[in-house]
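Residue strings, one per chain:
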Amino acid sequence: MNEQSLHNSPEEAVEKTSRRKGKAGARPLESVMQLIFFICGFIAIAFVLVITIYLIISGLPAIREIGLVDFLFGTEWASTAEDPKFGILPMILTSIYGTAGAIVIGVPIGFLMAVFLSKVAPRRLANVIRPVVDLLAGIPSIVYGLVGLMVLVPFIRETFNTAAGESLLAAIVVLAIMILPSIISVSETALNAVPKEYEEASLALGATDIETYFRVSAPAAKSGIAAAVVLGVGRAIGEAMAIMMVAGNVANMPDLLSSVRFLTTGIAVELAYSSGLQRQALFSIGLVLFLFIMCINVILNVFLKRDKEG
Amino acid sequence: MKKMKKLLAAALSLAMLAGLCACGGTTETEAPASEAPVSEAPVSEAPQTDTPETEAPAALSGTVNTDGSTSMADVMAAFQESFGDIQPDVTVNYSGTGSGSGITNVLAGTVDIGLSSRALTDEEKAEGAVENIVALDGVAIVVNPENTVTNLTLEQIAQIYTGEITNWSELGGADAPIAVIGRDAASGTRGAFEEIVGVEDACVYTNEYESTGEVIGSVAGNPNAIGYASLSAVDDSVVAVQVNGVAPSEATVADGTYAIQRPFVMVTVEGTELSEAAQAFLDWAMSADAADEVEAAGCVSPNA
């Protein structure tokens with residue numbers, strides 16, 4: 001009984017929708033629901049707007065006081081010193097290097113994994129691996145940080161004989177692993193969407209399987225794979241918790257084996273105890289990070305749009 | 001199938017809601033005002049026959065909001081519990097937001113008492129902040145248990161933190177680089193440490209962490225590391241070194257022989273009258289009655 005009524009409801013809804021304009025007034029429930037949908041839709045937009053406005057309002061005063069050039073290109077961060085310095089260039093560069101490093105390591109692995117899952121692996125094996133990859137996506141970032149701290153950090157310290165293993169390298173490796181799931185699943189979806197005819201034509205012309213994957217499937221899926229990379233960039237640049245545990249958090253100019261501070265960790269490490277201009281400067285860092293992520297989202301949208309059109 | 005999915009979704013969202021409620025309760029610790037033990041019935045029923053030295057014979061009621069140093073969490077927890085026995089109707093709230101914001105908030109009038117784990121600056125005093133020292137806390141210098149260096153002078157510590165000494169062999173230890181661990185720039189412990197050792201703004205840190213626990217964890221996991229932490233936070237996973245030949249302990253902090261120590265301050269504002277409940281709490285915290293609680297929290301009372 002219930003099963004049936006559930007099945008019916010979508011059709012009813014369609015009917016109602018088609019009559020909506022004419023009879024909205026006659027159906028109070030309809031207009032109430034419509035209002036609720038409108039409000040819910042508006043809430044999401046409102047949050048984005050409020051956050052944007054709040055970040056700009058609270059981020060600008062410090063930039064104005066410090067000076068945009070000194071803030072963005074200053075190489076020294078000493079927020080509580082007698083003569084405070086608020087240069088975030090080390091953090092900007094660290095975030096860029098760290099993200100780039102994670103992409104350099106994570107994308108080839110993720111892409112090959114996606115090719116494996118989509119084309120090479122027997123269906124049964126792929127069905128086992130796919131949930132495992134999804135599980136990787138579900139692990140909380142603090143767990144990545146913890147494992148990095150217990151395993152990776154001592155390993156780096158002993159291998160390179162440094163004072164402490166917390167370093168840009170450790171952060172890059174952790175980030176690379178963290179962005180794998182999104183790269184794999186988005187690339188795999190893109191590869192699966194490549195029309196079978198392309199591959200069959202390629203094989204019929206005498207190309208080997210491997211040639212077909214790299215010369216035909218991958219180029220056909222390239223905007224989807226690019227979207228995967230941008231998604232990975234977005235996740236890597238926004239991550240704070242995991243890398244706070246393995247990066248050492250000193251605002252040095254980035255060096256592979258020294259302790260570094262990312263934009264995200266720059267905020268997280270100092271926010272709790274900050275006050276005055278220092279706190280305002282942290283909001284300014286947030287604003288810079290927000291702009292970075294906005295740019296990444298715009299790029300992502302461009303790729304996705306091209307994917308739809310092409 | 002659909003029905004099952006619906007049920008599952010409902011169950012999941014219920015579970016999430018329950019989780020949220022549980023989380024909400026832990027953000028702010030409240031004094032167990034109504035949990036006065038039965039054995040102390042005379043105290044809670046007839047405050048007139050209260051312990052002799054308590055200044056407020058009348059039972060007070062109300063809320064005292066305190067806000068500030070996270071280092072003072074243990075002291076405040078002990079205060080809340082004991083003051084709850086003396087004045088069961090007074091609720092003392094504590095939120096750990098950091099010394100800086102505690103002082104800012106009390107000056108702004110959003111809380112009754114601000115909590116600071118460092119002495120107030122002249123700037124803050126000029127704004128009207130008043131310093132009431134309720135406890136002394138030693139800052140311990142901690143190393144990994146594998147480290148053979150167990151005694152440092154204040155000068156050596158300064159040299160380590162400014163980067164003049166970079167290898168343990170220079171201090172009679174193993175030939176290994178020193179990992180200098182510290183707190184974030186806004187930390188009260190870091191402020192206290194750098195001021196006492198005389199290395200303000202001159203420290204060359206290998207790693208910085210945003211909590212004392214992470215510093216201890218990092219030192220415990222790295223044989224090359226040296227760090228600093230509240231004496232009360234030091235546990236068996238690390239070794240607190242002697243400073244100028246004096247081991248950090250409650251006794252050496254109280255008599256002033258241990259060099260690296262800082263005050264725990266309750267901040268009030270000059271000219272602003274506290275509520276009766278808040279005044280009673282402050283008076284009690286400053287009295288000898290509270291000394292046991294201060295000691296229970298691993299600190300040393302200046303009022304004992």
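In what follows, the structure referred to is the one given above.
Residues numbered from 1 in each chain as written. Chains lettered and ligands numbered in written order. Predicted model: local features only at pLDDT ≥ 70, side-chain atom pairs only at ≥ 80, totals over all residues. Heavy atoms only, no water.

A.B. asks: Give a detailed account of helix α10 (residues 222-238) of chain A, specifying residues and quantitative values.
C.D. replies: Taking 1.5 Å of rise per residue, the 17 residues of α10(A) would be expected to cover 24 Å, and the 24 Å separating its terminal C-alpha atoms lies within 8% of that figure. The set of residues buried in α10(A) consists of S223(A), G224(A), I225(A), A226(A), A227(A), A228(A), V230(A), G232(A), A236(A) and I237(A). (Helix = DSSP H or I, 4+ residues; strand = E, 2+ residues; numbered from the N terminus. Expected span 1.5 Å × (residues − 1). Buried < 20%, exposed > 50% of the residue type's maximum accessible area, 1.4 Å probe, protein only.)

A.B. asks: Lay out the pairing of strand β4 (residues 113-116) of chain B in plain terms, naming residues and giving numbers.
C.D. replies: Residue and element names in this part refer to chain B. The side-chain alternation of β4 yields two buried faces, one formed by I113 and L115 and the other by G114 and S116. Across three bridges, strand β2 (residues 62-68) lies against β4 in parallel orientation. The residue of β4 that forms the bridge with D67 is G114. Here β4 pairs with strand β12 (residues 261-269) via three bridges, running antiparallel. (Pairing = 2+ DSSP bridges.)

A.B. asks: So what's going on with a nonpolar patch on the surface? Residues and values would help.
C.D. replies: Side chains of L35(A), F38(A), I39(A), F42(A), I43(A), F47(A) and I51(A) sit close together on the surface and give an oily, nonpolar patch of about 730 Å² of accessible area. Looking at the element boundaries, F42(A) is found in helix α2 (residues 28-66). (Patch = residues over 30% accessible without salt bridge, like charges linked within 9 Å, V, L, I, M, F, W, Y side chains within 5 Å. Areas by Shrake-Rupley, 256 points an atom, 1.4 Å probe, with all protein chains shown as cover. Salt bridge = Lys/Arg side-chain N within 4 Å of Asp/Glu carboxyl O.)

A.B. asks: Requested: an account of the interface of chain A and chain B, with residues and values cited.
C.D. replies: Taken together, the contacts link 28 residues of chain A with 30 residues of chain B. At the boundary of chain A with chain B, total buried surface from both sides reaches about 2300 Å², with 48% on carbon and sulfur atoms. In this structure, the connection of chain A to chain B is made through one salt bridge. Its salt-bridge partner being E208(B), residue R261(A) comes within 2.6 Å of it at the nearest N-O pair. For the pair chain A and chain B, the number of links is eleven residue pairs in polar contact (both at pLDDT 80 or more). Counting only elements with at least two residues in the side of chain A that touches chain B, the list comes to α1 (2-23) and α12 (263-271) of chain A. Looking at which element gives the most residues to the side of chain A that touches chain B, the answer is α1(A), with four residues. For the side of chain A that touches chain B, the per-class residue count stands at ten nonpolar, twelve polar and six charged. (Contact = heavy atoms within 4.5 Å. Buried area = accessible area lost by both parts, 1.4 Å probe. Polar contact = N/O pair within 3.5 Å; in protein donor to acceptor, adjacent residues only side chain to side chain. Nonpolar A, V, L, I, M, F, W, Y, C, P; charged D, E, K, R; others polar.)

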